[in-house]
Number of protein chains: 2
Amino acid sequence: MPRWKPDAAERLQAAALELFDEQGFESTTVAEIAQRAGLTQRTFFNHFTDKREVLFILSSEIQRAVVGEIAACDDAVPPLDAVVRALEVVADGLFEERRAVATRRHAVIAANPELQERELGKNAALTDAIAAELHARGCDPDTAFLAAGTAVLAQQAAFQRWTRPGETRTLRHLLSEAVRSLGTIVSEDPVTS
Amino acid sequence: MPRWKPDAAERLQAAALELFDEQGFESTTVAEIAQRAGLTQRTFFNHFTDKREVLFILSSEIQRAVVGEIAACDDAVPPLDAVVRALEVVADGLFEERRAVATRRHAVIAANPELQERELGKNAALTDAIAAELHARGCDPDTAFLAAGTAVLAQQAAFQRWTRPGETRTLRHLLSEAVRSLGTIVSEDPVTS
DNA sequence: GTCTATATGCGGATAGAC
DNA sequence: GTCTATCCGCATATAGAC
């Protein structure tokens, strides 16, 4: 019998999500979150550097997974395709089973500018990490940045749809659809043809 | 004879840029900036909501200009092309003559995470404004978001090059080049073909 | 607890426009 | 004269460093 219940970070995230949903991000204190999770404020700050960070518990894991998938991909695969395939694998492996939580989380973030800023930072970090991996695969830096940015943009669009109430299609499906839309949009541009 | 010298905001920005360049963003106080501009700390905060904002004095003007250009564009022009044309006009009209300042500004921002976060926010706001204008022109919201995001991504890549020491090509030229690169990257993706 | 810096609220002064 | 824009002074809340 363990001395403490496991998954402290996950329980803190669940408690935080509930409280942010009920009373808003700003008017919720870290002490409240810890109490609802059956832990102390000190434990909260042991797991997260600040109050916002409790909503981004999966970010680093996602980033590692995506970069790993790209690294494992055959070098002959063109850059954007490599990134999109990686995002699809991660969509199935990490996102699909968490749709309900992701939707509530998305709503909380949409309601608070501070959290939106943090999310933009996470997306930028993901883009940079992907670009670095593409560069390591032999891409020139500019192409790497554009391919990474394009893929993350498609991911954002897909994620936005995926968390809309009533939407039932998988994130993988919506991601493919977003990439196809991008193809249409770009090929319609006279400068590119 | 005016009671005060004109262009208080511009003088504050110039003073701030010098000081941030000399001693860094964090170790420069608002009082110092105001003093170098011949003004007081209170006046600084009358013009800018916080210390970072002094480096983003042109953002709202750029956003208005871009959105205006898109609105003025013929409805038959496809969405991405409309945005790219608008960015090219703004590149010539607002950026090209400020290359030296923009380069120093870019270096200061690159050296500070807080400023990078603010810049990401400005880019996201620009993307949203562009997407809203495209939507008003009849685009569906998803296409609008993707087209706006794509254009802003190309703009970011072009801007990054434009502010590299030794680079002499115009921002308009680099922007066209980035859009062409995007075309290649996306068309090489099997999902889109 | 003190010191420094950021940021805000409120009032007040003056020049130019009407 | 009144109104508005612009700027200054003072007080203060807040947060972090020491």
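Remember, it's a predicted structure, so these values are computed and weren't measured experimentally.

S.K.: Please explain the overall build of chain A as it appears in this structure.
M.R.: When helices and strands are counted, chain A shows nine helices and zero strands. When its helices and strands are written in sequence order, chain A yields α-α-α-α-α-α-α-α-α. In terms of overall dimensions, chain A has C-alpha extents of about 60 × 35 × 30 Å along its principal axes. Residue burial in chain A is summarised as follows: out of 193 residues, 49% are buried.

S.K.: Help me understand the packing of helix H6 (residues 99-110) of chain A against helix H7 (residues 113-136) of chain A, please; the structure alone is not making it clear to me.
M.R.: Between two packed helices, what matters for the description is the angle formed by their axes and the separation of those axes. Residues and elements named next belong to chain A. Close contact between H6 and H7 brings their axes to 7 Å; oriented N to C, the two are set at 115°. Put simply, H6 runs roughly perpendicular to H7. Residues Arg 105, Val 108, Ile 109 and Ala 110 of H6 touch H7, and the partners they reach there are Leu 115, Gln 116 and Glu 119.

S.K.: Explanation requested: the interface of chain B and chain A in the structure shown.
M.R.: Reports often express the size of an interface as the amount of accessible area lost when the parts come together. Counting from both sides, the interface comprises 38 residues of chain B and, opposite them, 38 residues of chain A. Roughly 3100 Å² is buried in total at the junction of chain B and chain A, and carbon and sulfur atoms are behind 72% of that figure. Area buried by chain B at its contact with chain A is led by Leu 146, Ile 185 and Val 191 of chain B, which between them contribute 19% of it. Along the contact surface separating chain B from chain A lie five salt bridges. Where chain B meets chain A, there are two residue pairs in polar contact (both at pLDDT 80 or more). Of all the secondary-structure elements, those providing two or more residues to the side of chain B that touches chain A are helix H5 (79-95), helix H7 (113-136), helix H8 (141-162) and helix H9 (171-187) of chain B. Of all the elements, H8 of chain B adds the most residues to the side of chain B that touches chain A, at 12 residues. Residues that form the side of chain B that touches chain A fall into these classes: 19 nonpolar, nine polar and 10 charged.

S.K.: I tried to follow the confidence of the model for chain A on my own but got confused; where do I start?
M.R.: Close inspection of predicted coordinates is inappropriate in any region flagged by low pLDDT. Put simply, chain A has an average pLDDT of 90, and 95% of its residues get 70 or more. Per-element mean pLDDT across chain A ranges from 82 in helix H3 (residues 41-47) of chain A up to 98 in helix H8 (residues 141-162) of chain A.

S.K.: Just to check I follow, could you spell out the packing of aromatic side chains for this structure?
M.R.: Working definition: an aromatic ring pair is given by the centre-to-centre distance plus the angle between the planes. Inspection of the entire model under this criterion finds 10 aromatic pairs over all chains. On the numbers, 5.8 Å between centres and 75° between planes, the contact of Phe 95 of chain B with Phe 159 of chain B is edge-to-face. Here Phe 95 of chain B is found in helix H5, whereas its partner Phe 159 of chain B is found in helix H8, with 64 residues between them in sequence. The pair Phe 95 of chain B / Phe 159 of chain B is uniform in exposure class, with both members buried. The lysine or arginine in question, Arg 105 of chain A, covers the ring of Phe 56 of chain A, its NZ or CZ lying 5.1 Å from the ring centre. The ring centre of Phe 25 of chain B lies 4.4 Å from the NZ or CZ of Lys 51 of chain B, which sits over that ring.

S.K.: So what exactly am I meant to see when it comes to the relation of the copies chain B and chain A here?
M.R.: Note that the two copies of the chain are related through a rotation about an axis and a translation along the same axis. Expressed as a screw operation, the relation of chain B to chain A combines 0.1 Å of axial shift with a rotation of 179°, fitting to an RMSD of 0.2 Å. When the rotation and shift are considered jointly, the pair of chain copies conforms to a two-fold rotation axis. Both copies present the same face, since 100% of the interface residues in chain B are matched by interface residues at the equivalent positions in chain A.

S.K.: Looking at this structure, I do not really get the domain arrangement of chain A. What am I missing?
M.R.: Residues and elements named next belong to chain A. Along its sequence, chain A is organised into domain 1 (8-54) and domain 2 (58-188). At the interface, nine residues of domain 1 touch nine residues of domain 2. For the domain 1 and domain 2 pair, buried surface summed over both sides reaches about 1000 Å², with 51% attributable to carbon and sulfur atoms. On the domain 1 side of the contact with domain 2, Leu 17, Phe 25 and Arg 52 bury the most area, a combined 57% of that side's loss. In this structure, the connection of domain 1 to domain 2 is made through two salt bridges. Here Glu 53 makes a salt bridge to Arg 118, at a shortest N to O gap of 2.3 Å. Our count for the domain 1 to domain 2 interface comes out at two residue pairs in polar contact (both at pLDDT 80 or more). Partitioning the side of domain 1 that touches domain 2 into residue classes produces three nonpolar, no polar and six charged.

S.K.: Quick question: what am I supposed to make of the environment of Asp 81 of chain A here?
M.R.: Assignment of secondary structure puts Asp 81 of chain A in helix H5 (residues 79-95). As a C-alpha pair, Asp 81 of chain A and Asp 189 of chain A span 108 residues in sequence and 21 Å in three-dimensional space. The contacts of Asp 81 of chain A, once residues within four sequence positions are left out, are Asp 189, Pro 190 and Val 191 of chain B.

S.K.: Can you help me understand H8 of chain A in this one?
M.R.: Helical periodicity: at 3.6 residues per turn, an α-helix aligns residues three or four positions apart in one direction. With 22 residues, H8 of chain A ought to run about 32 Å at 1.5 Å a step, and its terminal C-alpha atoms sit 31 Å apart, in line with that. Most of H8 of chain A is tucked away: 17 of the 22 residues are buried.

S.K.: What's the story with the nonpolar core in this structure? I'm lost.
M.R.: In a soluble, globular protein the nonpolar side chains are often hidden away together inside. Core analysis: the largest hydrophobic core is formed by 78 residues, its most contacted members being Ile 130 of chain A together with Ile 130 of chain B. Setting aside residues up to four positions removed in sequence, Ile 130 of chain B forms contacts with Val 66, Ile 70, Val 83, Ala 148 and Val 152 of chain B.

S.K.: What should I look at first to understand the state of the cysteines in this one?
M.R.: Two cysteines whose sulfur atoms are joined by a covalent bond form what is called a disulfide. One pass over the full model with this rule turns up zero disulfides over all chains. Cys 73 of chain A takes part in no disulfide bond, and the closest cysteine sulfur, belonging to Cys 139 of chain A, lies 12 Å away.

S.K.: Please clarify how the side chain of Arg 118 of chain A should be interpreted in this entry.
M.R.: Residue placement: Arg 118 of chain A occurs in helix H7. On the accessibility criterion, Arg 118 of chain A (14% relative accessible area) is buried. Here Arg 118 of chain A is in contact with Asp 50, Arg 52, Glu 53 and Phe 56 of chain A together with Glu 117 of chain B, once residues within four sequence places are set aside.

Conventions adopted
Residues numbered from 1 in each chain as written. Chains lettered and ligands numbered in written order. Predicted model: local features only at pLDDT ≥ 70, side-chain atom pairs only at ≥ 80, totals over all residues. Heavy atoms only, no water. Helix = DSSP H or I, 4+ residues; strand = E, 2+ residues; numbered from the N terminus. Buried < 20%, exposed > 50% of the residue type's maximum accessible area, 1.4 Å probe, protein only. Axes fitted to C-alpha atoms, helices over the stretch in contact; angles between N-to-C directions. Parallel < 35°, antiparallel > 145°, perpendicular 65-115°, else oblique. Contact = heavy atoms within 4.5 Å. Buried area = accessible area lost by both parts, 1.4 Å probe. Salt bridge = Lys/Arg side-chain N within 4 Å of Asp/Glu carboxyl O. Polar contact = N/O pair within 3.5 Å; in protein donor to acceptor, adjacent residues only side chain to side chain. Nonpolar A, V, L, I, M, F, W, Y, C, P; charged D, E, K, R; others polar. pLDDT = per-residue confidence, 0-100. Phe/Tyr/Trp six-rings, centres within 6.5 Å; stacked < 30°, edge-to-face > 60°. Lys NZ or Arg CZ within 6 Å of the ring centre and 35° of its normal. Least-squares fit on C-alpha atoms with pLDDT ≥ 70 in both. Domains from an automatic or database assignment. Expected span 1.5 Å × (residues − 1). Core = buried A, V, L, I, M, F, W, Y, C linked by side-chain atoms within 4.5 Å. Disulfide = S-S within 2.5 Å.

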